[in-house]
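Coordinate analysis (summary)
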Amino acid sequence: MSKIHVLPDIVVSQIAAGEVVERPASVVKELLENALDASATTITVQIEQGGRRRIRVSDDGIGIPADEVELAFTRHATSKLNSIDDLQQLYTLGFRGEALASIAAISHITITTRHRDEETGTRLRIEGGKVLQRQEVGAPAGTVLDVENLFFNTPARLKFLKKTTTEKRHITSLVSRYAMAYPHVRFVLEQDSREILRTTGSGELADVVVRVLGLDAFRQMIPIAGEERDRLTGSRINVHGYVALPDFSRADRSHITLFVNGRSIQDTRLTYALTQAYQGMLDDRRYPVAIVMIDLPPDDVDVNVHPTKAEVRFRSPDTVFTAVQRSVRQALLSALSAHPSESSTDASPAQQTLNLPSSPAEWQSPPSSPPPAYAAQRPSVPLAQTTRHSVYTDDDADLDYIPAGADAPLRPRTLPILRVIGQIGAQYIVAEGPVGMYLIDQNAAHERILYQALHEQLGSDENDSIEIEPQTIELPKQLAKAFEQSWDFWHQLGFVIEPFGPDTWIVRAVPSLLQGLDIGAAILYTLKGGSEPEQLIRQLSAFAAIRSGEVLSTEEMRSLIQQLERCPSPMTAPDGRPTLLHFSSEQIAREFRR
Ligand code: ADP
Ligand code: MG
């Protein structure tokens, strides 16, 4: 140990840099905030090698006067604060006057800046905190900060940096978040000369969210808006943004973005308020995608509690909590209850128009005892059919925002998320939804699902068929003719059928959708309804659907509902019968006179 001495400024800055600059993304954050504080309308971020090689942030903001440029790199030099009281009325993101000094201490910096009111610009070259070069240059108004070789003199930090791809993701996530928080500002992000994100600066948050999440994901998001008045202080707390519908969820919290007064923050309580709003809608350990902007008077929030300003303290945390939770909950409830009322319009022509020779019920004798051969072989509700849609996969835990995923979308949800409670009378499924109780007719629902699936199969080039134990079928004369006429239909669906003798055929493969079905009976029944594709599909779905009287496992019920949720017209069976009845919470409360 040596004698006690005051540390040289550069060492102090390097130590401070350890707090402020944890990783390249921290530099990007500070430079973005400076550009925003300088009233930039366009901010371009260029990154090389995850920021290790270069971080360049250019803005068209106010610029720095020539005689203040060096000062900007001095510790505790700021243009944003004069006295501690100013902190209570702070409208800028920066105030500590520490970022530039810290970054300069651990990198090679070139700054080119021209103040709006000055003729010429200044270029300064700083290495490890020392000014090496200064020159007057012609430059557009604004500032370009070029940070190279970050951590060049702090090998410990360098060693702890994650893979380049991880650092890149952090930066993309960060810039995306700021782009969403500042829709009036045009953001461009390039990584290794590739454009990753570009926003328009239109001022519309929706525009930015589409750019960041992609259109398909955006379709799963709903806007939130709310205001809460604090009882104590009387001040208003405003909440706006976008949150995901419940099934667009993630395995971790990293897709939750919180901004307070334009400042990106982390706050476990507010994150909790948000997830609370999804109560009963999200599975365990699933978290929503959300962009929540909270605005409140600056003196109701203390931003000076954390060196990177990532945490804040609220004067009335409970009110902020309530504001977030309420606005999200309200948005979710109204979005989810809006869906079922958009009831289907393709309620089909009733049975008589179709001239059905017999109804499924007739075909199968009393509902409670379906034909034994069929009952034993009923195709189980195909479980694999429903894939959850997300532009994110679950293994990208620290992926954060990746703009505009090119992922194939699933059909959007047409029903709210329903939770299966059980089955009654071996006929109806009881389910709970966000706005009450639902009774689902299992037969009608499955008919709708099959009808939809068969239509899709008919329209697609790939047939998803499954070989079966070859099975011969013999048809009565007039149906044999209908069968030949509808040859293309069966083939298109994925049936592999060959002639086997007079009015006799052999079936070698069937669409996987109909696996396990008594194929002879299915074809016979289907042909009785007419030979037009629409008639055939209706008959076939009616035949293949789960009957009333069948006991279903919870898994089967869940799968059935999930598939129904994705049907374009989930509210009715193809023949127009309702598939589900909704009893709203209010209705139930009324009945109980609550
Ligand atoms: P702070 O932002 O807390 O004031 P910084 O070290 O980040 O501290 O910046 C120091 C000062 O440099 C700022 O107060 C501001 O006056 C000036 N400055 C930094 N970046 C810019 C910029 N992009 N445009 C204009 N002025 C800037
Ligand atoms: Mg700053």
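Preceding this section is the structure that the text describes.
Here's a quick rundown of the structure. All values derive from a computational prediction rather than experimental measurement.

1. A few points about the environment of Pro578
Topologically, Pro578 is positioned in the loop between helix H19 (554-565) and strand E24 (580-584). Taking the C-alpha atoms as reference, Pro578 lies 7.1 Å from Ala444; in sequence the two are 134 residues apart. Apart from the residues lying within four places of it in its own chain, the contact partners of Pro578 are Asp441, Ala444, Met571 and Thr572.

2. Describing the sheet that holds E24
A sheet is described by the order of its strands in space; here four strands give the open sequence E18-E19-E20-E24, paired in antiparallel fashion. Each having just a single partner strand, strand E18 (419-424) and E24 make up the two edges of the open sheet. Taken pair by pair, the neighbouring strands of this sheet meet at an average axis angle of 20°, ignoring direction. In the packing of helix H14 (residues 442-459) onto the sheet, contacts are made with E18, strand E19 (428-433) and strand E20 (436-441), and the angle to E20 comes to roughly 75°. Together, E18, E19, E20 and E24 form the strand contacts of H19, whose direction differs from that of E18 by roughly 120°.

3. Here we look at the sheet that holds strand E22 (residues 496-501)
The strands making up a sheet associate through hydrogen bonds between their backbones, and the pairing can be parallel or antiparallel. With respect to topology, three strands assemble into an open sheet ordered E21-E23-E22, the strand pairing being antiparallel. Both edges of this open sheet fall to strand E21 (465-474) and E22, since each of them pairs with a single strand only. Strand-to-strand, the axes of this sheet are offset by a mean angle of 15°, without reference to chain direction. Note: E21 against strand E23 (residues 504-511), seven bridges, orientation antiparallel.

4. Regarding unusual backbone geometry
Residues apart from glycine generally show negative phi values, whereas peptide bonds are mostly found in trans. Phi at Phe151 is positive, roughly 65°, even though this residue is not glycine. Of note, Phe151 is situated in the loop between strand E6 (142-148) and helix H5 (155-160). Here the phi dihedral of Ala426 falls at roughly 50°; this positive angle occurs in a residue that is not glycine. Along the polypeptide, Ala426 turns up in the loop between E18 and E19. On the basis of relative accessibility, which here comes to 18%, the residue Ala426 falls in the buried class.

5. Here's the deal with the site of ligand 1
Around ligand 1, a shell composed of 19 residues is seen, among which Asp59, Thr78, Ser79, Lys80 and Gly97 lie nearest. In the model, an oxygen atom of ligand 1 is placed 2.8 Å from a nitrogen or oxygen of the Asn34 side chain. Within the contact set of ligand 1, a nitrogen atom lies 3.3 Å away from a side-chain nitrogen or oxygen of Thr143. Against a free-state accessible area of 530 Å², the protein chains account for coverage of 93% of ligand 1. Those elements that provide at least two residues to the shell around ligand 1 are helix H2 (24-37) and helix H4 (99-105). Split into classes, the residues belonging to the shell around ligand 1 amount to eight nonpolar, seven polar and four charged.

6. A short note on helix H6 (residues 164-181)
The terminal C-alpha atoms of H6, which comprises 18 residues, lie 26 Å apart, in line with the 26 Å expected from a rise of 1.5 Å per residue. Within H6, 14 of the 18 residues are buried, leaving the element largely enclosed by the surrounding structure.

7. Looking at the pairing of strand E5 (residues 130-137)
Sheet analysis places strand E4 (residues 121-127) next to E5, joined by seven bridges and oriented antiparallel. Bridging from a neighbouring strand, Leu124 pairs with Arg134 of E5. Hairpin connection between E4 and E5: a loop of two residues separates the two successive antiparallel strands, and Gly128 in this loop has a positive phi of roughly 50°.

8. Quick look at the packing of H6 against helix H7 (residues 205-213)
Following both chains from N to C, one finds H6 and H7 inclined at 160°, their axes separated by 8 Å at the closest point. Taken together, H6 and H7 sit at an angle that is classed as roughly antiparallel. Where H6 crosses over H7, the handedness of that crossing is left-handed. Residue-level inspection shows Ser176, Ala179 and Met180 of H6 in contact with H7, the latter providing Leu205, Val208, Val209 and Val212. Of the residues belonging to the contact of H6 with H7, the class tally is six nonpolar, one polar and no charged.

What counts and how
Residues numbered from 1 in each chain as written. Chains lettered and ligands numbered in written order. Predicted model: local features only at pLDDT ≥ 70, side-chain atom pairs only at ≥ 80, totals over all residues. Heavy atoms only, no water. Helix = DSSP H or I, 4+ residues; strand = E, 2+ residues; numbered from the N terminus. Contact = heavy atoms within 4.5 Å. Pairing = 2+ DSSP bridges. Axes fitted to C-alpha atoms, helices over the stretch in contact; angles between N-to-C directions. Buried < 20%, exposed > 50% of the residue type's maximum accessible area, 1.4 Å probe, protein only. Near = heavy atom within 4 Å. Polar contact = N/O pair within 3.5 Å; in protein donor to acceptor, adjacent residues only side chain to side chain. Areas by Shrake-Rupley, 256 points an atom, 1.4 Å probe, with all protein chains shown as cover. Nonpolar A, V, L, I, M, F, W, Y, C, P; charged D, E, K, R; others polar. Expected span 1.5 Å × (residues − 1). Parallel < 35°, antiparallel > 145°, perpendicular 65-115°, else oblique. Left-handed = near helix turned anticlockwise from the far one by under 90°.

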